[in-house]
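Now for the letters of each chain:
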Amino acid sequence: MIPQGLSKEIYAGTSVMFFAAANAIKLIPYGMLGQLSITNLSVSAALLPLVPVGVFLGVWINRRLPEKTFFAIILASIFLVGIKLIWDGVFNLIGA
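This write-up is about the structure you can find in this document. (Residues numbered from 1 in each chain as written. Predicted model: local features only at pLDDT ≥ 70, side-chain atom pairs only at ≥ 80, totals over all residues. Heavy atoms only, no water.)

A word on the overall build of the protein chain. When helices and strands are tallied, the protein chain shows four helices and zero strands. Mapped from its N terminus to its C terminus, the protein chain presents α and β elements in the order α-α-α-α. Relative to the globule expectation of 12 Å for 96 residues, the C-alpha radius of gyration of the protein chain, 17 Å, shows a markedly less compact shape. Counting only C-alpha atoms and orienting by the principal axes, one finds that the protein chain spans roughly 45 × 40 × 20 Å. Out of the 96 residues in the protein chain, the part that is buried amounts to 7%. The contacts in the protein chain between residues at least 6 apart in sequence include a share of 73% that link residues at least 24 apart. As presented, the protein chain carries roughly 7900 Å² of accessible surface, and 77% of it is formed by carbon and sulfur atoms. (Helix = DSSP H or I, 4+ residues; strand = E, 2+ residues; numbered from the N terminus. Rg over C-alpha atoms; globule rule 2.2 N^0.38 Å. Buried < 20%, exposed > 50% of the residue type's maximum accessible area, 1.4 Å probe, protein only. Contact = heavy atoms within 4.5 Å. Areas by Shrake-Rupley, 256 points an atom, 1.4 Å probe, with all protein chains shown as cover.)

The following block contains the structure:
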């Protein structure tokens, strides 16, 4: 999505909607695998009050970061996650 030249607000909103949909879809297999236990659901319920705090913090940061800095952080994060995935893939393959 980055090469499309979206504004940081549209990029963040699109990412939120994508991950919300992906996580909602995951509920079906998690339920079929028995991962939606009372313990897991109670932890989720206990953390639920922190959701608005995270939303307001994200909006606050998004409004204050310059667009170049925002996308520099996004690209650096994508790079680091990619390196971590490659690292895990290589060393799990060697250890297997």
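Moving on, we come to the pattern of salt bridges. For the structure on display, the rule yields one salt bridge. Between Lys84 and Asp88 there is a salt bridge, with its nearest N and O atoms 2.8 Å apart. Here Lys84 and its partner Asp88 are both found in helix 4 (residues 67–95), four residues apart, which amounts to about one turn of the helix. Given the relative accessible area of 46%, Lys84 is considered partly exposed. (Salt bridge = Lys/Arg side-chain N within 4 Å of Asp/Glu carboxyl O.)

Further remarks concern the layout of surface pockets. The volume enclosed by the largest pocket comes to roughly 390 Å³. Lining the largest pocket are 14 residues; nearest its centre among them are Ala12, Val16, Val55, Gly58 and Val59. Secondary structure elements with two or more residues in the lining of the largest pocket: helix 1 (8–32), helix 3 (51–64) and helix 4. Class assignment of the residues belonging to the lining of the largest pocket gives a composition of eight nonpolar, five polar and one charged. (1 Å grid on protein atoms, 1.4 Å probe; cavity = no way out; pocket = protein on both sides within 12 Å on 5 of 7 lines; lining within 4 Å. Points joined across faces, edges and corners; volume = space filled by probe spheres on them. Nonpolar A, V, L, I, M, F, W, Y, C, P; charged D, E, K, R; others polar.)

Turning our eyes to something else, we now look at a nonpolar patch on the surface. Together, Phe79, Leu80, Ile83, Ile86, Trp87, Val90, Phe91 and Ile94 line one region of the surface with nonpolar side chains, adding up to about 860 Å² of accessible area. With respect to the secondary-structure elements, Val90 resides in helix 4. (Patch = residues over 30% accessible without salt bridge, like charges linked within 9 Å, V, L, I, M, F, W, Y side chains within 5 Å.)

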